[in-house]
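Analysis of the macromolecular model
Residues per chain are reported as follows:
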Amino acid sequence: MKKSPRTRSQQPNRTVSIIGTGSYVPERVLTNADLEKIVETSDDWITTRTGIKARRIAAKDEFTSHMAARAAQRAMEQANVAPEEIDLIIVGTITPDNFTPATACHVQRIIGAKKAACFDISAACSGFLYAVEIAQQFIANHTYNTVLVIGADKLSSIMDWQDRNTCVLFGDGAGAAILRYRAGSHGVITTYMGSDGNYGDILHVPGGGCALPTTAENASEKLNTLKMNGRETFKQAVLSMGVAATRALEQAGLTADDLTCIIPHQANIRIIEALADRMKIPLEKFHVNLDRYGNTSAAAVAIALDEANREGRFQVGDYILLVVFGGGLTYASSVIQW
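In this report, we go over the structure that sits alongside the text.

What counts and what doesn't
- Residues numbered from 1 in each chain as written.
- Predicted model: local features only at pLDDT ≥ 70, side-chain atom pairs only at ≥ 80, totals over all residues.
- Heavy atoms only, no water.
- Helix = DSSP H or I, 4+ residues; strand = E, 2+ residues; numbered from the N terminus.
- Rg over C-alpha atoms; globule rule 2.2 N^0.38 Å.
- Buried < 20%, exposed > 50% of the residue type's maximum accessible area, 1.4 Å probe, protein only.
- Contact = heavy atoms within 4.5 Å.
- Areas by Shrake-Rupley, 256 points an atom, 1.4 Å probe, with all protein chains shown as cover.
- Lys, Arg positive; Asp, Glu negative; His and termini not counted.
- Charge placed at Lys NZ, Arg CZ, Asp CG, Glu CD.
- Pairing = 2+ DSSP bridges.
- Expected span 1.5 Å × (residues − 1).
- Axes fitted to C-alpha atoms, helices over the stretch in contact; angles between N-to-C directions.
- 1 Å grid on protein atoms, 1.4 Å probe; cavity = no way out; pocket = protein on both sides within 12 Å on 5 of 7 lines; lining within 4 Å.
- Points joined across faces, edges and corners; volume = space filled by probe spheres on them.
- Nonpolar A, V, L, I, M, F, W, Y, C, P; charged D, E, K, R; others polar.
- Salt bridge = Lys/Arg side-chain N within 4 Å of Asp/Glu carboxyl O.

Turning next to the overall build of the protein chain. Scanning the protein chain from N- to C-terminus turns up 10 helices and 13 strands. What you see for the protein chain is a C-alpha radius of gyration of 20 Å, in line with the 20 Å of a compact globule of 338 residues. Across the 338 residues in the protein chain, those meeting the buried criterion constitute 54%. Across the protein chain, every contact between residues at least 6 apart in sequence was considered, and the portion connecting residues at least 24 apart equals 77%. In the form shown here, the protein chain has an accessible surface area of approximately 14900 Å², with 49% of it arising from carbon and sulfur atoms. One way to put it: in the protein chain the 33 positive side-chain charges average out to a point 5 Å from where the 35 negative ones average out.

If you want it as structure tokens, here you go:
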């Protein structure tokens, strides 16, 4: 009798690890002093309210896909993974090169990952962790073996440079990770994700889509730029990140004392301080780089993860926590054993 093939559903789930990280930020540095010449603000006003001192700005001919590919290549180099080994590319972004094709397809072409399936996801600043969880499911269930996950945004392309409430906060960049099954490692232990569309308008781009297309009549209103209710965004960021981090730790069966490093979304130092206080974790355990890069949306936690990895802030076997918040509103937290 012919033997029946073993289906994916009959195979035991695999653990999934991050085996390499990479990041990229543009060369141009825009300091708070530079912004003083553009909009009514000051270095002291920005620093005391956000902790940001500078951010990176991509060149006019440098797109989200270019930054994403550079970060991907660095992750591939660290993981010792060749382009043809990549089965899937997921890019988290709210600033795609085009509406279609997906930015992931542009990345595929640049890095030469000819075998990969490609798609983008839109979860704003939560995009990288959403993509990590999607990748984890594909690998755990034996659909793919090697997945490239990227968070990348060129937020300078959707800024109103006359709005001091937003333009001082954001920058451009990309971060990437290679995920794969690694024997003997727990890897991504759990990810908690959540959303609340009732708060969609506290951080959003109102125009440019089919609901409110950009026209000659409304172009001067800059509806295709990022708008934010700062006070409500701050409040919801602290609440949702606290919930996500707590739930992820509970699902993993761990406590804050078990963590070696916490990598939060890099939006505002006051948000991070409030989260640290809420979770009763010393601020020294948090990896913070927003003073140099500002808020790079989906790229922020990915860039910080790569930076912390390369600085040796955690070792194999250590537990780390990643926690994010973004427009939508969306939020997520992942517990990972390195």
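Let's pick the thread back up.
Attention now moves to the environment of L321. Position of L321 relative to the elements: it lies in strand β12 (residues 319-326). The spacing of L321 and F63 is 258 residues in sequence and 30 Å in space, taken between C-alpha atoms. Ignoring any residue separated from it by four or fewer positions in sequence, one finds L321 in contact with A245, A248, L249, L259, C261, I262, I263, M279, S333, S334 and V335.

What follows deals with the pairing of β12. Of all eight residues in β12, seven are buried, a share of seventy percent or more. Bridge count between strand β11 (residues 259-264) and β12: five bridges; the pairing is parallel. Residue pairing for β12: I263 is matched across the bridge by L322. Counting the residues between successive antiparallel strands, the hairpin from β12 to strand β13 (residues 330-337) contains three residues, one of them, G328, with a positive phi of roughly 145°.

In this section: helix α3 (residues 64-79). Helix length check: α3 (16 residues) gives 22 Å between terminal C-alpha atoms against 22 Å at 1.5 Å per residue, within 8%. Of the residues one or two after α3, N80 is the one with positive phi, at around 60°.

The next thing to look at is the sheet that holds strand β8 (residues 187-195). What holds strands together in a sheet is hydrogen bonding between their backbones, with the strands either parallel or antiparallel. Pairing is mixed in the open sheet, where four strands are placed in the order β8-β13-β12-β11. The open sheet has two edge strands, β8 and β11, and neither has a second partner. Taken over all neighbouring pairs, the strand axes of this sheet differ in orientation by 10° on average, direction set aside. Where β12 meets β13, eight bridges bridge the pair, whose relative direction is antiparallel. Following the sheet pairing, F325 is matched in β13 by Y331. Sheet strands in contact with helix α7 (residues 230-252) are β8, β11, β12 and β13, and its direction is about 145° off that of β12.

Before going further, it helps to spend a moment on the layout of surface pockets. Here the largest pocket defines a volume of roughly 920 Å³. Considering the residues around the largest pocket, the lining is formed by 37 residues, among which I94, T95, P96, I158 and V205 are closest to the centre. Of all elements in the fold, only β5 (117-121) and β9 (203-204) reach the threshold of two or more residues within the lining of the largest pocket. Its residues placed into classes, the lining of the largest pocket shows 18 nonpolar, 16 polar and three charged. Taken as a whole, the second largest pocket holds about 420 Å³ of empty space. In terms of lining, the second largest pocket is formed by 21 residues, of which the most central are L169, M228, G230, F234 and N268.

Next up on the list: the sheet that holds β5. Taken in spatial order, the five strands of this open sheet run β1-β7-β6-β4-β5, and their pairing is mixed. Edge positions in the sheet fall to β1 (17-24) and β5, since each has one partner strand and no second. Taken over all neighbouring pairs, the strand axes of this sheet differ in orientation by 15° on average, direction set aside. Pairing analysis gives five bridges linking strand β4 (residues 88-92) to β5, with the strands arranged parallel. In the sheet register, V91 faces β5, and the bridge partner there is D120.

Bringing the pattern of salt bridges into the picture now. Counting across every chain of the model gives five salt bridges. In this structure, the salt-bridge partner of R180 is E85, at a minimum N-O distance of 3.0 Å. Highlighted residues: R180 in strand β7 (residues 172-180) and E85 in the loop between α3 and β4, separated in sequence by 95 residues. Classification of E85 by relative accessible area gives partly exposed; the value is 32%. The salt bridge partner of R292 is E307, with a shortest N-O separation of 3.0 Å. On the criterion of sequence distance, the pair formed by R292 in helix α9 (residues 290-293) and E307 in helix α10 (residues 298-311) is long-range, its members being 15 residues apart. We classify R292 as partly exposed; its relative accessible area is 34%. A relative accessible area of 12% places E307 in the buried class.

Purely geometric stuff here, so don't read any function into it on its own.
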